[in-house]
Amino acid sequence: MAASSRARVLDLYRAMLRESKRFSAYNYRTYAVRRIRDAFRENKNVKDPVEIQALVNKAKRDLEIIRRQVHIGQLYSTDKLIIENQEMPRT
């Protein structure tokens, strides 16, 4: 993968993770982050430029879907779950 292509994919990965962390619902947020990480790991060894471009295009569409769903989720927010209200243990 060319350096510019690699940088573009990493930017897309970071944007998807950043946007997914904006989900107000805990279950959607954790699922989206886990699914994004799994999908990128699954495809990290793809070498074919045509396939890489197809995957990048799919990821861009998915990013737009995430943005739309985050916005909709913010319109209809609910109370936080008990698991979200717990304080992180100090180490």
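Computed from a prediction, not measured in an experiment: that's the story for all the values here.

Reading guide: rules and limits
- Residues numbered from 1 in each chain as written.
- Predicted model: local features only at pLDDT ≥ 70, side-chain atom pairs only at ≥ 80, totals over all residues.
- Heavy atoms only, no water.
- Helix = DSSP H or I, 4+ residues; strand = E, 2+ residues; numbered from the N terminus.
- Rg over C-alpha atoms; globule rule 2.2 N^0.38 Å.
- Patch = residues over 30% accessible without salt bridge, like charges linked within 9 Å, V, L, I, M, F, W, Y side chains within 5 Å.
- Areas by Shrake-Rupley, 256 points an atom, 1.4 Å probe, with all protein chains shown as cover.
- Salt bridge = Lys/Arg side-chain N within 4 Å of Asp/Glu carboxyl O.
- Lys, Arg positive; Asp, Glu negative; His and termini not counted.
- Charge placed at Lys NZ, Arg CZ, Asp CG, Glu CD.
- Core = buried A, V, L, I, M, F, W, Y, C linked by side-chain atoms within 4.5 Å.
- Buried < 20%, exposed > 50% of the residue type's maximum accessible area, 1.4 Å probe, protein only.
- Contact = heavy atoms within 4.5 Å.

Visitor: How should I be thinking about the overall build of the chain in this particular structure?
Guide: Per the secondary structure count, the chain includes 4 helices and 0 strands. For the chain, the N- to C-terminal ordering of α and β elements is α-α-α-α. For 91 residues, the compact-globule estimate of 2.2 N^0.38 gives 12 Å, and the C-alpha radius of gyration of the chain, at 16 Å, exceeds that figure by more than 25%. Principal-axis analysis of the C-alpha atoms places the extent of the chain at approximately 45 × 35 × 20 Å.

Visitor: What exactly am I supposed to notice about a positive patch on the surface here?
Guide: On the surface, a cluster of positive charge is made up of K21, R37, R41 and K44. Examined against the element boundaries, R41 turns out to sit in helix α2 (residues 26-42).

Visitor: Even after reading the chapter, I still don't get the nonpolar core, so can you show me in this structure?
Guide: Inside soluble globular proteins, nonpolar side chains tend to come together where they are buried. In this structure, L12, M16, F23, I36, V56, L63 and I66 are the most contacted members of the largest nonpolar core, which totals 16 residues. When residues of this core are traced back to their parent elements, those giving at least two are α1 (3-20), α2 and α3 (49-75). Among the elements that make up this core, the one with the highest residue count is α3 (6 residues). In this structure, L63 is in contact with L12, A15, M16 and E19, ignoring residues within four places of it in sequence.

Visitor: What exactly am I supposed to notice about the pattern of salt bridges here?
Guide: Should the charged atoms of two oppositely charged side chains come close, the side chains can pair. Under the definition given, this model contains 5 salt bridges. Its salt-bridge partner being E19, residue R67 comes within 3.8 Å of it at the nearest N-O pair. Residue R67 is found in helix α3, and its partner E19 is found in helix α1; the two are separated by 48 residues along the sequence. Given a relative accessible area of 36%, R67 falls into the partly exposed group. The network of salt bridges with shared partners includes E19, R22, E64 and R67.

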